[in-house]
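# Chain and residue survey
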Amino acid sequence: MYAKIVFPLPFRNSFTYSVPDEMNKSVKFGVRVVCSFGRRILTGYVVEISDRTDLKGKIKSILDVLDEEPIFNRTDLEFYHWISEYYICSLGEALKNSVPYGSEVESKRKIFIDKELCSELLIQERKKKPGLKFHVLEAIANKDFTTISSLQKQVKKKQIYSVLRSLEKTGAVTIINQIEDPKVKTKTQKHVKLKLSKDKIYEILPSLESNSPKQVVLLLELLQSKSENGDELAAELLKKTDSNQSSLNSLEKKGIVEIFDKAVERKFHQTYVEEFKNLILTDEQQNIVKQISEQILEEKFNAYLLHGVTGSGKTQVYIELAKKAIESGKSVLILVPEISLTPQITSRFYNVFKDIVTVIHSRMSLGERYDSWKGIIQGKYKVVVGARSALFAPLKNIGLIVVDEEHDSSYKQFENIPRYHARDSAVIRAKFSECPVILGSATPSIESKYNTEIGKFTLLELPNRIDGAKLPEIKLVDIISERKQKRMANIFSIVLIKEIADSLSRNEGVILLQNRRGYATQVYCDDCGEIVTCGDCSVPLVFHMNNNTMKCHYCSSVQPVPKACPTCGSLNIKFFGTGTQRVEDELEYHFPNVVMERIDSDSINKRGKLGLILNRFKKGETHILVGTQMVSKGLDFSHVTLVGVISAETTLWLPDFRADERTFQLLTQVAGRAGRSAKPGKVIIQTQNRKHFILQMVLLNNYSGFYEKEIKLRKNGGYPPFTRLCLIEFKDMEEKNAVGAAKDFHSELTRRKSTLQVMPPTAAVIERVKKFYRYQILIKSSRETDPSGKILRSTVEEAQIQFNKRSRFRNIRCIIDIDPQSVL
């Protein structure tokens, strides 16, 4: 038997391995296997099994099998093939998303060092002109061992293998492959159960009572066990009976009890709790449920855009449709954009579906994610709620996929390969699974709304709030005018302070949005104008008042606040800009007896903290929530009547083609947190440009007006949805290398005659991040001449192949991003 295996490496082809006789039954399509690949040991994915091969010569054998049952089926493989083709990566890199991080077996190459010999060689190298060998010896001379990856980072070079080989020949280093076990495995705990019948136990109790009273206590406790299999957790049993391990071991030796390992599930326990409410659907909701239910039962694919105003009951529609899917024996996938949305929506799904619901998101431990993934494969969980990575949950027989807040940019993977968009990929997964997919939003993305106009999606609308609630009254406050009239108290207008006071006097909740972390967004010298920037990134450092430091929000480096200007020596250091910490600080001055809490990535860095904050706010123990965009989405509290926006322009002035869209979405979403019950809501938006078209559309809650203008601007500028974009980025610590790679790749692209519009290489808006210089090439492909994007992808792939053959900059890191959500 032979197996074709793909690895999570940038190779398009599969590799053939022979199946040892003893593994014939366990090696099957869709399982993970451990194989020798070159000098390494890697985890691969079996994509084909056959009893013959055309290959000649010696064929390597599979070393081990990691899965008892397949983790993907033929339909799933079609989906992963699409991911690899569309987002330009290998099938193995796409399949890597199907398993939780830390569950692979792989080898790491470790370098063991002869310090004495390396020190001698270093002295010799110092006499010459310092080269790569000198830098390598300097990095390792005082170490016992290191890894190749950490050494590459230290010397800032990837190609160090020839130097290491020469050092290995002299005996200065020894390079060994060490196989590392998976970082996460099934957790087991010691359990105890009776080995004899209850009657037999009662017979032997009198003989034990005189010599071993502790053993009698243990047996009596086990006799009262109410567990299904009569077993008890050993640690709990010993604690309950105040006994020791030796008593238990003695009972095992006598053959009276059995001590065994039992797998236990690590469950993510949510701190946010919401009471179950039996809601009655409106006529509009019922019509939508009826229409989509037919598609679920008939196993038909259709993509729906559910455009419902904030508070219109979209979540309840999802729940009712999920019920229909579960009743028909199918599974359900619910995607939410961020961890901030997960507590409330997950709680509502738990209330309805109980133990068949699981979550997948980054705040879970490795063990919790692994056990959740395993439970999905075993069919224990039928409903999965999670962020973008949950798209790859190994659900079988999917009957419904929901993408809530489909417009959100966090659905785009921007760190690892493949750089997929979870919303677009969810539509394709639904197509392969032959089930409906719902994209829900109060502010749909321009692309999704356009897709309803050209017939790709079906538009469904919920134009009214449920329970008779009305949309809030929105007011724009011109802070320039207010400042002239001396109606500003630092960052707060008198209007906003008065509204906050009125809401608090009625015991109503208040939410304040400022989409910037920290206290002040810039630290500068008032004499020479120098702004303090990060040494590794081309961005200003942000002042954090709680620990009196300046922090870079890109590389997380921290510096103390300078006592004097580092450029001119002046003591006149000033702080500019407003972050959530400053909002909180000034609120405490105006409302000293009011309980307030902050929600941003600095304040909810501990597990479960967000849920606890939301619990307190729901109960009225916290009166004001201050936060970044996290407070703008998904929060549903009936007692919130006021929403305040400290600065409307934080996203409006960004040099990005989606800046207007994101500002409209953010402000409309946060406004929707107010007045979600019989109590009327108010929204106060502070701005420096109240006449701006976007702010006027937010004021009127006019999505249609915003869309009509924005779609014209996109068409005239040649941006999505009329064109498909590809952003190619080159990163290196040496600027000349990043520039050289970008120029060479650009030459390969322009050498090919095509309908593509290839922009010349330019430095990224944020030119340097984490010590790496960034240069970019933007490519536009018209959907009229290239509707599927095939011309774009094939041109980029061909250019990449030739670039890797010809360019002396081929080793510079190159990132290809299809459908980028930002060009910053």
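Scroll up to find the structure.
Notes on the structure in this doc start here. Throughout this document, residue positions are counted from 1 along each chain, in the order its sequence is written. At least 70 in pLDDT is required for a residue's local features to be given in this predicted model, at least 80 for side-chain atom pairs to be given and counted, and no such filter applies to totals for whole chains, interfaces and linings, which use all residues. To obtain the side-chain values, all non-hydrogen atoms of the structure were used and water was disregarded.

With that out of the way, let us pick up the overall build of the protein. Helix numbering and strand numbering both begin at the N terminus, where a helix is a DSSP run of H or I of at least 4 residues and a strand a DSSP run of E of at least 2. In terms of helices and strands, the protein carries 25 helices and 36 strands. Here the radius of gyration uses the C-alpha set of atoms, whereas the globule reference equals 2.2 Å times the residue count to the power 0.38. Against the 2.2 N^0.38 benchmark of 28 Å for 824 residues, the protein shows a C-alpha radius of gyration of 31 Å, consistent with a compact globule. Taken along the three principal axes of its C-alpha coordinates, the protein extends 90 × 80 × 60 Å. Each residue is placed in one exposure class: buried if its accessible area under a 1.4 Å probe, protein chains only, is under 20% of its type's maximum, exposed if it is over 50%, and partly exposed if it falls in between. Within the protein, the proportion of its 824 residues that are buried is 53%. Residues are treated as being in contact if the distance between any of their heavy atoms lies within 4.5 Å. Of the contacts made within the protein by residues no fewer than 6 positions apart, 75% connect residues no fewer than 24 positions apart. To be clear on the numbers: accessible area is Shrake-Rupley with a 1.4 Å probe, and residue cover counts the displayed protein chains and nothing else. Of the roughly 39100 Å² of accessible surface on the protein, a fraction of 48% belongs to carbon and sulfur atoms.

Where burial is concerned, the two faces of strand E15 (residues 383–386) agree: the one with Val-383 and Val-385 and the one with Val-384 and Gly-386 are both buried. Strand pairing is assigned whenever DSSP detects at least two bridges linking the two strands. When strand E14 (residues 357–360) meets E15, the two strands line up parallel, connected through 4 bridges. Paired with Ile-360 across the strands is Gly-386, a residue of E15. Handedness of the crossover joining E14 and E15 through helix H14 (residues 366–377) is recorded here as right-handed. By the criterion used throughout, a crossover qualifies as right-handed when its path from the first strand across the helix to the second strand runs clockwise, the strands pointing away from the viewer.

What follows covers the sheet that holds strand E28 (residues 596–599). Taken in spatial order, the 6 strands line up as E19-E31-E30-E22-E29-E28 in an open sheet, and their pairing is parallel. Only two strands of the sheet have a single neighbouring strand rather than two, namely strand E19 (473–478) and E28. For this sheet, the mean inter-axis angle between neighbouring strands, taken without regard to orientation, is 15 degrees. Strand direction decides the pairing type here: E19 and strand E31 (residues 682–687), joined by 6 bridges, are parallel. What sits directly across from Ile-474, in E31, is Val-683. Axis definition: a line fit to C-alpha positions, over the contact stretch in the case of helices; interaxial angles, taken between N-to-C directions, run 0 to 180 degrees. Contacts from helix H19 (residues 580–590) reach strand E22 (509–513), E28 and strand E29 (624–627) within the one sheet, and its direction differs from that of E28 by about 175 degrees. Strand contacts of helix H20 (residues 609–619): E22, E28, E29 and strand E30 (640–645), with the helix running at about 145 degrees to E28, the strand carrying the most contacts.

Put simply, buried Ala, Val, Leu, Ile, Met, Phe, Trp, Tyr and Cys residues joined by side-chain atoms within 4.5 Å make one nonpolar core. Counting residues in hydrophobic clusters, the biggest one holds 70 residues, and the most contacted among them are Leu-95, Leu-335, Ile-728, Phe-730, Ile-779 and Val-796. The element that contributes the greatest number of residues to this core is helix H1 (residues 74–86), accounting for 6 residues. Residues Ile-446, Leu-625, Val-683 and Phe-722 belong to the second largest nonpolar core, which totals 40 residues.

A few words on the sheet that holds E15. The strand order across the open sheet built from 7 strands is E14-E15-E13-E16-E17-E12-E18, with neighbouring strands paired in parallel fashion. With one partner strand each, in any of the chains shown, E14 and strand E18 (458–462) form the two edges of the open sheet. Here the average twist between neighbouring strands, direction ignored, is 20 degrees. Its contacts with the sheet put helix H16 (residues 446–453) on strand E12 (302–308), strand E17 (436–441) and E18, and the angle it makes with E12 is roughly 115 degrees.

Any carboxyl oxygen of Asp or Glu that lies within 4 Å of a side-chain nitrogen of Lys or Arg is treated as forming a salt bridge with it. What the rule picks out here adds up to 38 salt bridges. A salt bridge links Arg-12 to Glu-797; the nearest nitrogen and oxygen atoms lie 2.9 Å apart. Here Glu-797 lies in helix H25 (residues 790–806) and Arg-12 lies in the loop between strand E1 (2–6) and strand E2 (15–18), a separation of 785 residues in the sequence. Taking the relative accessible area as the measure of exposure, Arg-12 reaches 43% and is therefore partly exposed. A residue is classified by how much of its surface remains accessible, and Glu-797, at 25% relative accessible area, is partly exposed. A single salt-bridge network, built from bridges that share partners, covers Glu-748, Arg-751, Arg-752, Glu-798 and Arg-806.

Here we take up the packing of helix H8 (residues 213–223) against helix H10 (residues 245–253). Taken N-terminus to C-terminus, the directions of H8 and H10 make an angle of 75 degrees; their axes are 9 Å apart at the nearest point. Here H8 lies roughly perpendicular to H10, going by the angle between them. Along its contact with H8, which presents Lys-214, Gln-215, Leu-218 and Leu-219, the element H10 presents Ser-247, Leu-248, Ser-250 and Leu-251. Split by residue class, the contact of H8 with H10 holds 4 nonpolar, 3 polar and 1 charged. Angles are sorted into four bins: roughly parallel if under 35 degrees, roughly antiparallel if over 145, roughly perpendicular if 65 to 115, and oblique for all others. Residues were grouped as follows: Ala, Val, Leu, Ile, Met, Phe, Trp, Tyr, Cys and Pro as nonpolar; Asp, Glu, Lys and Arg as charged; and all remaining residues, including Gly, as polar.

One less than the residue count of a helix, multiplied by 1.5 Å, gives the span that helix is expected to have. For H25, built from 17 residues, the straight-helix expectation of 24 Å at 1.5 Å per residue is met to within 8% by its first-to-last C-alpha distance of 24 Å. Turning to H25, its buried residues are Leu-792, Arg-793, Thr-795, Val-796, Ala-799, Gln-802 and Phe-803. On the buried face of H25, the contacting elements are H1, strand E32 (723–732), helix H24 (735–751), strand E35 (772–782) and strand E36 (813–818).

Below, the discussion takes up the environment of Gly-672. Tracing the sequence through the fold places Gly-672 in the loop between helix H21 (659–671) and E31. According to the relative accessible area criterion, Gly-672 is buried, its value standing at 1%. Taking C-alpha positions, Gly-672 is 8.0 Å from Val-309, a pair spaced 363 residues apart along the chain. In this view, Gly-672 contacts Thr-310 and Arg-465; residues no more than four positions away in its chain are not counted.

Those residues of helix H4 (residues 132–140) lying buried are Phe-134, Val-136, Leu-137, Ala-139 and Ile-140. Looking at the buried side of H4, the elements it contacts are strand E6 (106–113), helix H3 (115–126), strand E7 (145–147), helix H5 (148–155), helix H6 (161–170) and strand E8 (173–180).

The next thing to look at is the packing of aromatic side chains. To describe a pair of aromatic rings, one takes the distance between the centres and the angle between the planes. To pair, rings of Phe, Tyr and Trp, with the six-membered ring standing in for Trp, must have centres within 6.5 Å; the planes then decide the type, stacked if under 30 degrees apart, edge-to-face if over 60, and tilted in the middle. By the definition in use, this model includes 29 aromatic pairs. Consider the rings of Phe-664 and Tyr-703, whose centres lie 6.2 Å apart with planes at 50 degrees: the pair is tilted. Here Phe-664, found in helix H21, pairs with Tyr-703, found in helix H23 (residues 703–717); they are 39 residues apart in sequence, far enough to count as distant. Residues Phe-664 and Tyr-703 agree in their burial class; the two are buried. An aromatic cluster of three or more residues is present, and its members are Phe-7, Phe-11, Phe-15, Tyr-17 and Phe-37.

The values reported here are purely geometric and, on their own, carry no functional implication.
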